[in-house]
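Descriptive analysis of the structure
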Amino acid sequence: MTNRVLVVDDDAAVRAALGQTLELADCDAITVGSFVAAKDLITPDFDGVILSDMRMPGRDGFHLLRYVREVDGDLPVILLTGEGDIPMAVQAMGEGAFDFLEKPCASVDLMAVVRRALKTRALVRENRALKSRLESGDPAARMIFGTSPQMEELRARARGVAATGAEVLVTGAPGGGISKVAEVIHLMSPRGQGAFVKRPAAGLTPDGFADLCREAAGGSLYLDEIAALPSETQYAMLEALEQGLEARVLVGSVADLAEEAARGRFLPDLFYRLDVMRVRIPALSERPEDIPVLFSHYVAQAAEQAGIAAPDIPQEHLAALMAQDWPGNARSLMSAAMRFVLGMPEEAAQSAELGLAEQLAQVERSLLIAALGRQNGHASAAAKALKLPRKTFYDKLARYGIRPEDYRR
């Protein structure tokens with residue numbers, strides 16, 4: 001998250017004091033004495049927020065606010081006001097100021113507002129980056145959402161396996177978008193201009209499989225929930241793969257196909273053939289940092305579908321969403337976004353009913369899981385990434401019932 005704050009105040013002593021307060025709070029403070037000095041720093045690419053005095057010689061805080069709104073309407077401006085300026089500050093809020101603080105301002109109050117503004121700015125920039133990728137990127141960038149390291153790795157993995165002609169097994173939790181990732185692999189492959197034929201594996205007969213292969217010739221055949229493929233069709237599929245097909249075969253499974261094969265519920269030879277290239281989709285619980293960006297994207301989509309303006313999303317609501325496990329993954333988050341747009345955000349309301357300790361515990365658990373997911377289930381590496389002593393890290397895993405081996409790929 002960005003931590004840059006542009007401080008605009010004509011009083012040198014006040015500027016220095018504000019800069020020191022921000023630096024002590026690990027913010028990157030840029031201090032200037034006038035609108036003219038600040039103007040060249042105010043661009044749509046500025047990754048921070050602005051803290052400005054209301055009353056300054058020449059161009060005052062109002063003028064600065066209006067200029068910022070023209071340059072970037074989403075760039076937060078916090079105004080510092082004297083006692084007599086409060087009506088003016090209220091008016092400025094109506095014109096788009098992020099917040100105002102009355103001077104003199106306690107450091108704790110100042111930093112609470114600044115941090116909230118920085119979080120808002122970071123979310124805006126992440127959404128813009130996501131939109132840019134959706135509009136100009138390749139299929140992996142346009143269709144696989146998330147800014148976490150795990151999702152960057154997933155996009156890279158999809159690009160890598162797409163270039164091969166091998167069979168691909170896509171795995172993940174329910175609602176994680178397995179079929180979408182399979183389609184991305186198809187679109188980025190040399191067969192991307194061919195057909196993408198998608199069917200459930202359950203109930204598929206040998207003759208039906210042969211028909212689908214002919215339909216997908218020159219393109220890709222994707223079979224969803226391959227563990228449900230009838231046994232006779234498994235044998236037919238293995239034989240067809242060994243003889244060679246005109247279609248590339250992609251399959252998806254939320255079940256552990258290796259375990260299914262070990263227990264005799266899936267043909268082992270077919271499993272080994274399909275497991276040439278495996279792509280695993282990380283669950284939302286492993287990457288809670290993706291939730292704000294994804295939810296904002298889904299809210300915008302839902303609002304467009306409903307034909308209404310997208311509502312603002314309070315930071316408290318996003319924090320409550322991050323505190324949840326989301327066993328239904330992206331699919332359930334999309335449903336939550338639709339309910340939020342329609343004024344029925346029950347998930348956040350339920351989380352808000354929890355005490356602070358319970359909410360913090362949920363967030364901590366999500367961060368532990370996310371660290372394990374990033375480190376491929378290696379507890380020592382995850383503890384180091386979180387800057388925790390190993391004993392403390394293992395104590396926390398035990399407290400939340402988290403097993404590192406569940407997050408190894």
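This write-up is about the structure you can find in this document. As the structure is a computational prediction, the values presented were derived from the model and not from experiment.

**Describing the overall build of the chain**
Of regular secondary structure, the chain possesses 19 helices and 10 strands. Along the first, second and third principal axes, the C-alpha atoms of the chain reach 85 × 50 × 35 Å. Carbon together with sulfur atoms contributes 52% to the accessible area of the chain, which is approximately 19300 Å² in total. Within the chain, one finds 45 positive and 56 negative side-chain charges whose respective centroids are separated by 3 Å.

**Here's the deal with the pattern of salt bridges**
Per the stated rule, a full pass over the model turns up 17 salt bridges. The residue Arg4 makes a salt bridge to Asp47 at a minimum N-O spacing of 2.9 Å. With Arg4 in strand β1 (residues 4–8) and Asp47 in the loop between α2 (35–39) and β3 (49–53), this pair connects stretches of sequence that are 43 residues apart. For Arg4, a relative accessible area of 28% translates into the label partly exposed.

**So, the packing of aromatic side chains**
If you walk through the whole model with that rule in mind, you get 6 aromatic pairs. Here Phe271 and Tyr272 contribute two aromatic rings whose centre-to-centre distance is 5.3 Å and whose plane-to-plane angle is 55 degrees, an arrangement assigned as tilted.

**Comments concerning the packing of helix α3 (residues 61–71) against helix α4 (residues 86–94)**
The N-to-C vectors of α3 and α4 enclose an angle of 5 degrees; their axes lie 11 Å apart at closest approach. By the angle class used here, α3 and α4 are roughly parallel. Across the interface between the two elements, Phe62, Leu65 and Arg66 of α3 pack against Met88, Gln91 and Ala92 of α4. Here the contact of α3 with α4 is composed, by residue class, of 4 nonpolar, 1 polar and 1 charged.

**Quick notes on unusual backbone geometry**
Negative phi is the rule for most residues except glycine; trans is the rule for most peptide bonds. Omega for the bond connecting Lys103 with Pro104 falls within 30 degrees of zero, at -5 degrees, which places this linkage in the cis form. Note that Pro104 resides in the loop between β5 (99–102) and α5 (107–136). In the Ramachandran plot, Asp26 falls in the positive-phi region, its phi being about 65 degrees despite a non-glycine side chain. As for its position among the elements, Asp26 is in the loop between α1 (12–24) and β2 (28–32). Its relative accessible area of 62% is what places Asp26 among the exposed residues. At Lys387, a position not held by glycine, the phi torsion is positive, near 60 degrees. Its place among the elements puts Lys387 in the loop between α18 (379–385) and α19 (390–400).

**Details of the nonpolar core**
Of all hydrophobic cores here, the largest spans 26 residues; its most connected members are Leu223, Ile226, Met237, Leu270 and Leu274. Taken together, the elements giving at least two residues each to this core come down to α9 (206–215), β8 (220–224), α10 (231–243), β9 (248–253), α11 (257–262) and α12 (268–274). Ranked by the residues each element gives to this core, the list is headed by α10, at 4 residues. Ignoring anything within four residues of it in the chain, the contact list for Ile226 reads Ala201, Met237, Val251, Gly252, Ser253, Leu257, Phe266 and Leu274. Ranked by size, the runner-up nonpolar core spans 21 residues in total, among them Leu294, Leu318, Leu321 and Leu333.

**Some words on the sheet that holds β5**
Within the open sheet, the 5 strands sit side by side as β2-β1-β3-β4-β5. Their pairing is parallel. The open sheet terminates on both sides in strands that have one partner only, identified here as β2 and β5. Across the sheet, the mean angle separating the axes of adjacent strands is 20 degrees when strand polarity is ignored. The sheet contacts of α1 involve β1, β2, β3 and β4 (77–81), and relative to β2 the element is tilted by about 170 degrees.

**Here's the deal with the state of the cysteines**
The tally for this structure, following the rule as stated, stands at 0 disulfides. Cysteine Cys105 shares no disulfide, and the gap to the nearest cysteine sulfur, in Cys27, comes to 13 Å.

**A few points about the sheet that holds β8**
Sheet architecture is open: 5 strands sit in the order β7-β8-β9-β6-β10, paired in parallel fashion. For this open sheet the edge positions go to β7 (196–200) and β10 (277–281), each flanked by a neighbour on one side alone. On average, each strand axis in the sheet is tilted by 20 degrees relative to the strand beside it, whichever way the strands run. Pairing between strand β6 (residues 168–172) and β9: 4 bridges, direction parallel. What sits directly across from Leu169, in β9, is Val251. Seen against the sheet, helix α7 (residues 149–162) touches β6, β9 and β10 and runs at an angle of roughly 160 degrees to β10. Sheet strands in contact with helix α8 (residues 178–187) are β6, β7, β8, β9 and β10, and its direction is about 150 degrees off that of β6.

Conventions and cut-offs
- Residues numbered from 1 in each chain as written.
- Predicted model: local features only at pLDDT ≥ 70, side-chain atom pairs only at ≥ 80, totals over all residues.
- Heavy atoms only, no water.
- Helix = DSSP H or I, 4+ residues; strand = E, 2+ residues; numbered from the N terminus.
- Areas by Shrake-Rupley, 256 points an atom, 1.4 Å probe, with all protein chains shown as cover.
- Lys, Arg positive; Asp, Glu negative; His and termini not counted.
- Charge placed at Lys NZ, Arg CZ, Asp CG, Glu CD.
- Salt bridge = Lys/Arg side-chain N within 4 Å of Asp/Glu carboxyl O.
- Buried < 20%, exposed > 50% of the residue type's maximum accessible area, 1.4 Å probe, protein only.
- Phe/Tyr/Trp six-rings, centres within 6.5 Å; stacked < 30°, edge-to-face > 60°.
- Axes fitted to C-alpha atoms, helices over the stretch in contact; angles between N-to-C directions.
- Parallel < 35°, antiparallel > 145°, perpendicular 65-115°, else oblique.
- Contact = heavy atoms within 4.5 Å.
- Nonpolar A, V, L, I, M, F, W, Y, C, P; charged D, E, K, R; others polar.
- Core = buried A, V, L, I, M, F, W, Y, C linked by side-chain atoms within 4.5 Å.
- Pairing = 2+ DSSP bridges.
- Disulfide = S-S within 2.5 Å.

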